[in-house]
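A structural walkthrough
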Amino acid sequence: MLKIQNTLTKKTEDFQPLEDGKVKFYQCGPTVYWVQHIGNMRAMVLADLIRRSLVYLGYEVKFVRNYTDVGHMTTDEDGGEDKMTKAAKRESLSPEQIADKYIAQFEADVKALNCLPPDYAPRATEYIRQMQEMVQYYLDNGFAYVTDLAIYFDISKAKDYTALSGQKLEMNQAEAGSGEVGDPQKKHPADFAVWFFKAGTHANALQTWSHDFKLPDGSEIKGEGFPGWHLECSAMNYALLGPTIDIHLGGIEHVPVHHTNEIAQSEAFTGKKFVDYWMHNEHLTVDGGKMSKSEGTAYSVADIVAKGYDPLVLRYFFLGAHYRSKQNFTWEALDAAKSALDNLSGQILALKSEGGVINEDFKKKFIETLESDFNLPQALSVVFEMLKADITNADKYATLLDFDKVLGLGLSELKEDEAPEQIKKLAEERWQARQNKDWSESDRLRDEITNFGWQMEDGKDDYKLKKL
């Protein structure tokens, strides 16, 4: 049975979906104001691996990953400038053009990493009406109040507000960095905006919508404004998946503020539990430290490709750490991932044959790793254990292609007529050994190439690689 570590309960729990055999799965997507770095890409690959695992385990999955194209401040606590507005000024484009540009780049990157497209990829700006309806509900039912600058959700009206973080509110605020109150009319520093007015620091906001909110005393608030970031995910979740969902995935950094606020406003609106299983992925570091644009370590997929790596090498690298564990990126680690993937590619080409059947013993082991809170690093070890086992090549091939439904390494698409990089490297080393008349090394490398299912045909001035 599938077991999931639930951030809400702090326990590993048996997974019981709301509806038998079906899973409603939401992931917090990118704020599309810039090219996403590989830390963000790791989160996308991890979600893809979890989704593929769920499907492999027999579930019908409805997967939603949103785009934030308005309302996300430069701090999670409603402070600073809207990220989309900041990007628009930086590039002398409209916010809509910025969104289109970076959504296109993001989608190209996740495709290169062989992530399956979501069932729904909503943009926040497409759900303004639903957000305004939620804000009106909060006003009607005493969950929100109005200042000169915004409409705030009153966290004192939320049930067990810090249940997700497990912190005392004062600690939660310190962790969130919300000690500074940008609006002196706020009742509590942790109260969060569900709607900003075009006023104060947002007087020149580029993205605004007309609003006409009615207050309990019968008065109205008319003008221009835009939604708070936290409200967007709740609105899109409710519209596409309903009041309660099975799994919500996001970065660990969202626990104290963004996801805590999602729970408060969603459950206030529906009166029902928002999420049954909260899952959070840990961060990717670079050379042991935080990724930084200023230090040139916020690498993108394009940076990886520019260094000569196939994006699937990066995907393979991400398989090396559990989603709840930090992972450290170095170029040396990526080289190791490349060698391992080349090795795997070489083996599958050598094994390629028809008529094999999936080995049920290894499939059972593979499933057990997935059911253990999606332990993909352990699943990968089952792959290599299977490749060393005393079973036919045809069965190994069939089993490996079955496992790749989860791994997503594109193993079924490898071409026989092109040697993997590892084989090319061995061939070049053997050719050099022959030039140096190092016959023992030349023979050793020839045997290694043969073991991978390739033959090196030597010419006078060149050589050819041929699939056996």
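Residues numbered from 1 in each chain as written. Predicted model: local features only at pLDDT ≥ 70, side-chain atom pairs only at ≥ 80, totals over all residues. Heavy atoms only, no water.

When helices and strands are tallied, the chain shows 15 helices and 15 strands. The dimensions of the chain, computed from C-alpha atoms along their principal axes, are 90 × 50 × 35 Å. Among the 468 residues that make up the chain, the fraction classed as buried is 53%. The long-range share in the chain, meaning contacts at least 24 apart out of those at least 6 apart in sequence, stands at 74%. As presented, the chain carries roughly 21000 Å² of accessible surface, and 47% of it is formed by carbon and sulfur atoms. Put simply, the chain has 54 plus and 74 minus side-chain charges, and the middle of one group is 2 Å from the middle of the other. (Helix = DSSP H or I, 4+ residues; strand = E, 2+ residues; numbered from the N terminus. Buried < 20%, exposed > 50% of the residue type's maximum accessible area, 1.4 Å probe, protein only. Contact = heavy atoms within 4.5 Å. Areas by Shrake-Rupley, 256 points an atom, 1.4 Å probe, with all protein chains shown as cover. Lys, Arg positive; Asp, Glu negative; His and termini not counted. Charge placed at Lys NZ, Arg CZ, Asp CG, Glu CD.)

The next point concerns the nonpolar core. Residues Phe25, Leu54, Phe329 and Phe366 are the most contacted members of the largest nonpolar core, which totals 78 residues. Of all the elements, helix H1 (residues 38-56) adds the most residues to this core, at 11 residues. Among residues more than four places away in sequence, those in contact with Phe366 are Tyr56, Ala379, Val382, Val383, Phe403, Val406 and Leu407. Membership of the second largest hydrophobic core comes to 51 residues, among which are Ile128, Ala144, Tyr152 and Phe213. (Core = buried A, V, L, I, M, F, W, Y, C linked by side-chain atoms within 4.5 Å.)

Glancing now at the sheet that holds strand E7 (residues 192-197). Pairing within the open sheet is antiparallel, and its 5 strands lie in the order E5-E6-E7-E9-E8. Each of the sheet's edge strands pairs with one partner strand only, and the pair in question is strand E5 (144-146) and strand E8 (209-214). Direction aside, neighbouring strands of the sheet carry axes that sit 40 degrees apart on average. Here E7 runs beside strand E9 (residues 220-227); their pairing, made up of 3 bridges, is antiparallel. Considered in E9, the bridge of Phe196 is made with Phe226. With respect to the sheet, helix H4 (residues 128-140) is in contact with E5, strand E6 (150-153), E7, E8 and E9, its orientation differing from that of E8 by roughly 25 degrees. (Pairing = 2+ DSSP bridges. Axes fitted to C-alpha atoms, helices over the stretch in contact; angles between N-to-C directions.)

In this model helix H3 (residues 95-112) runs 26 Å from its N-terminal to its C-terminal C-alpha over 18 residues, within 8% of the 26 Å that 1.5 Å per residue would give. Those residues of H3 that sit buried are Pro95, Ile98, Ala99, Tyr102, Ile103, Phe106, Asp109 and Val110. On an axial view of H3, the arc spanned by its buried residues comes to 125 degrees, and they lie on one face. Residues of H3 that are buried sit in contact with H1, strand E4 (60-65), helix H2 (83-91) and helix H8 (301-306). Phi turns positive one or two residues past the end of H3, at Asn114, with a value near 60 degrees. (Expected span 1.5 Å × (residues − 1). Arc of directions from axis to C-beta.)

Take the pairing of E6 next. Residues Ala150 and Tyr152 of E6 are buried on one face, and the alternating residues Ile151 and Phe153, pointing to the opposite face, are buried as well. In terms of strand pairing, E5 meets E6 through 3 bridges, oriented antiparallel. Considered in E6, the bridge of Ala144 is made with Phe153.

This part takes up the packing of helix H11 (residues 360-371) against helix H12 (residues 376-388). Two elements in contact, H11 and H12, have axes whose closest approach is 8 Å; the angle formed by their N-to-C orientations is 165 degrees. On the basis of their axis angle, the class for H11 and H12 is roughly antiparallel. Crossing angle aside, the handedness with which H11 passes H12 is right-handed. Touching Phe362, Lys365, Phe366, Thr369 and Leu370 of H11 are Leu376, Gln378, Ala379, Val382, Val383, Glu385 and Met386, all from H12. For the contact of H11 with H12, the residue count by class is 8 nonpolar, 2 polar and 2 charged. (Parallel < 35°, antiparallel > 145°, perpendicular 65-115°, else oblique. Left-handed = near helix turned anticlockwise from the far one by under 90°. Nonpolar A, V, L, I, M, F, W, Y, C, P; charged D, E, K, R; others polar.)

Looking now at the packing of aromatic side chains. Scanning all chains against the criterion turns up 25 aromatic pairs. Both rings, one in Tyr138 and one in Phe269, keep their centres 6.5 Å apart while their planes meet at 75 degrees; by these two values the pair is edge-to-face. Here Phe269 lies in helix H7 (residues 255-270) and Tyr138 lies in helix H4, a separation of 131 residues in the sequence. Residue classification places Tyr138 among the buried residues on the basis of a relative accessible area of 0%. Judged by centre distance (4.0 Å) and plane angle (5 degrees), the rings of Phe366 and Phe403 are stacked. One end of the pair, Phe366, is in helix H11; the other, Phe403, is in helix H13 (residues 393-407), with 37 residues separating them in the sequence. Taken together, the ring pairs connect Tyr137, Tyr138, Phe143, Phe153, Phe192, Tyr238 and Phe269 into an aromatic cluster. We note Lys187 situated over the ring of Tyr145; from NZ or CZ to the ring centre the distance is 4.6 Å. The ring of Trp331 has Lys307 lying over it, and the distance from NZ or CZ to the ring centre is 5.2 Å. (Phe/Tyr/Trp six-rings, centres within 6.5 Å; stacked < 30°, edge-to-face > 60°. Lys NZ or Arg CZ within 6 Å of the ring centre and 35° of its normal.)

Attention now goes to the sheet that holds strand E10 (residues 245-251). Hydrogen bonding along the main chain pairs the strands of a sheet, whether they run parallel or antiparallel. Overall, parallel pairing links the 4 strands, which are arranged E4-E3-E10-E11 in an open sheet. Bordering the open sheet on either side are E4 and strand E11 (275-281), each of which pairs with just one other strand. Each adjacent strand pair in this sheet contributes to an overall mean axis angle of 20 degrees, direction not counted. Here helix H6 (residues 229-241) sits on the sheet and contacts strand E3 (22-27), E4 and E10; the angle it forms with E3, its principal contact strand, is near 155 degrees.

With 95% of its residues at a pLDDT of 70 or more, the chain shows a mean pLDDT of 91. Predicted confidence for residues 171-181 stays below pLDDT 50, and this span has 18 contacts to residues more than four positions away or in other chains. (pLDDT = per-residue confidence, 0-100.)

All right, on to a negative patch on the surface then. A surface patch of negative charge is lined by Glu428, Glu429, Asp461 and Asp462. With respect to the helices and strands, the residue Asp461 is situated in the loop between strand E14 (454-458) and strand E15 (463-467). With relative accessibility at 65%, the residue Asp461 sits in the exposed group. (Patch = residues over 30% accessible without salt bridge, like charges linked within 9 Å, V, L, I, M, F, W, Y side chains within 5 Å. Salt bridge = Lys/Arg side-chain N within 4 Å of Asp/Glu carboxyl O.)

Next up on the list: the environment of Val357. Within the secondary structure layout, Val357 lies in the loop between helix H10 (331-351) and H11. Measuring from C-alpha to C-alpha, the distance between Val357 and Ala108 comes to 35 Å, with 249 residues separating the pair along the chain.

Counted residue by residue, helix H9 (residues 311-318) has 8 buried out of 8 residues, so it is predominantly covered. Among the residues of H9, Pro311, Leu312, Val313, Leu314, Arg315, Tyr316, Phe317 and Phe318 are the ones counted as buried. For H9, the side-chain oxygen to backbone nitrogen distance between the N-cap and Leu312 is 2.8 Å, and the N-cap itself is Asp310. (Polar contact = N/O pair within 3.5 Å; in protein donor to acceptor, adjacent residues only side chain to side chain.)

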